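One letter stands for each residue in the lines below.
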Amino acid sequence: QVQLVESGGGLVQPGGSLTLTCAASRFSFSRHVMSWFRQAPGKERELVASVFTSGGTNYADSVKGRFTISRDNVKNMVYLQMTTLKPEDTAVYYCRAVLPFSSNYVWGQGTQVTVSS
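All residue numbers refer to positions counted from 1 along the written sequence of the respective chain. Given that the model is predicted, a residue must reach a pLDDT of at least 70 before its local features are reported, and side-chain atom pairs must reach 80 or more before they are shown or counted; all residues, however, enter totals for whole chains, interfaces and linings. To obtain the side-chain values, all non-hydrogen atoms of the structure were included, while hydrogens and water were left out.

1. Describing the nonpolar core
Judged by nonpolar contacts, the single largest core of 27 residues is most densely connected at Met 34, Trp 36, Leu 80, Met 82 and Tyr 93. Helix and strand labels come from DSSP, where a helix needs a run of H or I of at least four residues and a strand needs a run of E of at least two; each type is numbered from the N terminus. Of all the secondary structure elements, the ones that give two or more residues to this core are strand E3 (18-24), strand E4 (33-39), strand E5 (46-51), strand E7 (67-72), strand E8 (77-82), strand E9 (91-98) and strand E11 (111-115). When checking whether two residues touch, look at their non-hydrogen atoms; a contact exists if any pair is within 4.5 Å. When neighbours within four sequence positions are excluded, Met 34 is seen to be in contact with Leu 4, Cys 22, Phe 29, Ala 49, Ser 50, Val 51, Ile 69, Arg 71, Val 78, Cys 95, Arg 96 and Ala 97. Here, nonpolar core refers to any group of buried Ala, Val, Leu, Ile, Met, Phe, Trp, Tyr and Cys residues whose side-chain atoms link them within 4.5 Å. Buried means the residue's accessible area, taken with a 1.4 Å probe over protein chains only, is under 20% of the maximum for its type, while exposed means over 50%, and partly exposed covers the values in between.

2. Side note on the environment of Gln 81
Relative to the helices and strands, Gln 81 resides in strand E8. Taking the relative accessible area as the measure of exposure, Gln 81 reaches 39% and is therefore partly exposed. C-alpha of Gln 81 to C-alpha of Thr 114: the two residues are 33 residues apart in sequence and 15 Å apart in space. Those residues in contact with Gln 81 that lie beyond four places of it in its chain are Leu 18, Thr 19, Arg 66, Phe 67 and Thr 68.

3. Things to note about the sheet that holds strand E1 (residues 4-7)
Strands pair in a sheet through their backbones, by hydrogen bonds, and they do so in one of two ways: parallel or antiparallel. Here we have four strands laid out as an open sheet, ordered E1-E3-E8-E7, and antiparallel in their pairing. A strand with exactly one partner marks an edge of an open sheet, and here the two such strands are E1 and E7. Across the sheet, the mean angle from the axis of one strand to that of its neighbour is 15 degrees, orientation sign disregarded. At least two DSSP bridges between two strands are needed for those strands to be called paired. Bridge count between E7 and E8: six bridges; the pairing is antiparallel. Angles run from 0 to 180 degrees between N-to-C directions of axes, and those axes are lines fitted to C-alpha atoms, restricted for helices to the stretch in contact.

4. What about unusual backbone geometry?
One non-glycine residue with positive phi stands out, namely Thr 84, at about 45 degrees. Along the chain, the position of Thr 84 falls in the loop between E8 and E9. Of note, the phi angle at Phe 101 is positive, near 70 degrees, even though the residue is not glycine. Tracing the sequence through the fold places Phe 101 in the loop between E9 and strand E10 (106-107). Classification of Phe 101 as exposed rests on a relative accessible area of 91%.

5. Some thoughts on the packing of aromatic side chains
Any two of the Phe, Tyr and Trp rings considered here, Trp counted by its six-membered ring, make a pair once their centres fall within 6.5 Å; the pair's planes then place it as stacked at under 30 degrees, edge-to-face at over 60, or tilted in between. In total, this model carries two aromatic pairs according to the counting rule given. Taking the centre distance of 6.3 Å and the plane angle of 85 degrees together, the rings of Tyr 94 and Trp 107 count as edge-to-face. Here Trp 107 lies in strand E10 and Tyr 94 lies in strand E9, a separation of 13 residues in the sequence. You can call Tyr 94 buried: its relative accessible area is 14%. Every member of this aromatic cluster is reached through a ring pair, and the members are Phe 37, Tyr 94 and Trp 107. Charge-over-ring contacts are defined here by two conditions on Lys NZ or Arg CZ: a distance within 6 Å of the ring centre and an angle within 35 degrees of the ring normal. For Arg 45, the ring lying beneath its charged end belongs to Trp 107, and the centroid distance is 4.6 Å. Above the ring of Phe 29, the side-chain terminus of Arg 71 is found at 4.8 Å from the ring centroid.

6. Considerations on the state of the cysteines
By definition, disulfides here are pairs of cysteine sulfur atoms that lie within 2.5 Å. What the rule picks out here adds up to one disulfide. Each sulfur in the disulfide pair Cys 22 and Cys 95 lies 2.1 Å from the other. Between Cys 22 and Cys 95 the sulfur-sulfur dihedral comes to about -85 degrees; the bridge is accordingly left-handed. Note that Cys 22 is positioned in strand E3 and Cys 95 in strand E9, a separation of 73 residues in sequence. Note on Cys 22: relative accessible area 0%, which makes it buried. Classification of Cys 95 as buried rests on a relative accessible area of 0%.

And the structure:
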C-alpha cells in the first residue's frame, strides 16, 4: 500500500560527499512531513533533518551547514545531500513519513553510510 525505500548509502572517506535518496510510493506524498533519521551502533535513533509540506526545513545542529534535505513532489522523492562527512556520521540512515498532527509513522528499511579511511 505504502512504502519508503532508501538508497545511495555506501563507504566514503572523511571529508567526502554522498547523497541519499528516499523513494515514496504514496499518492499523498506531498501532504507528508519527510525526515531523515540515523542510528549508529549502540546509539539511539536521532533526527537528522526534516522537510515540511511548506518546503521549510529543520536540521540537527550536528549536521547543519553540511547536510541538505530536499523533496521533489513530482517524483515523490526525498534527498539528503551530505558533504564534509565525518566518521561520527557513520550510521544506518532511515527515511520517515508522517502526516502533520499524526503519530502514524512510516519508515523505510534504512541504508548504511560508513565514513572511514
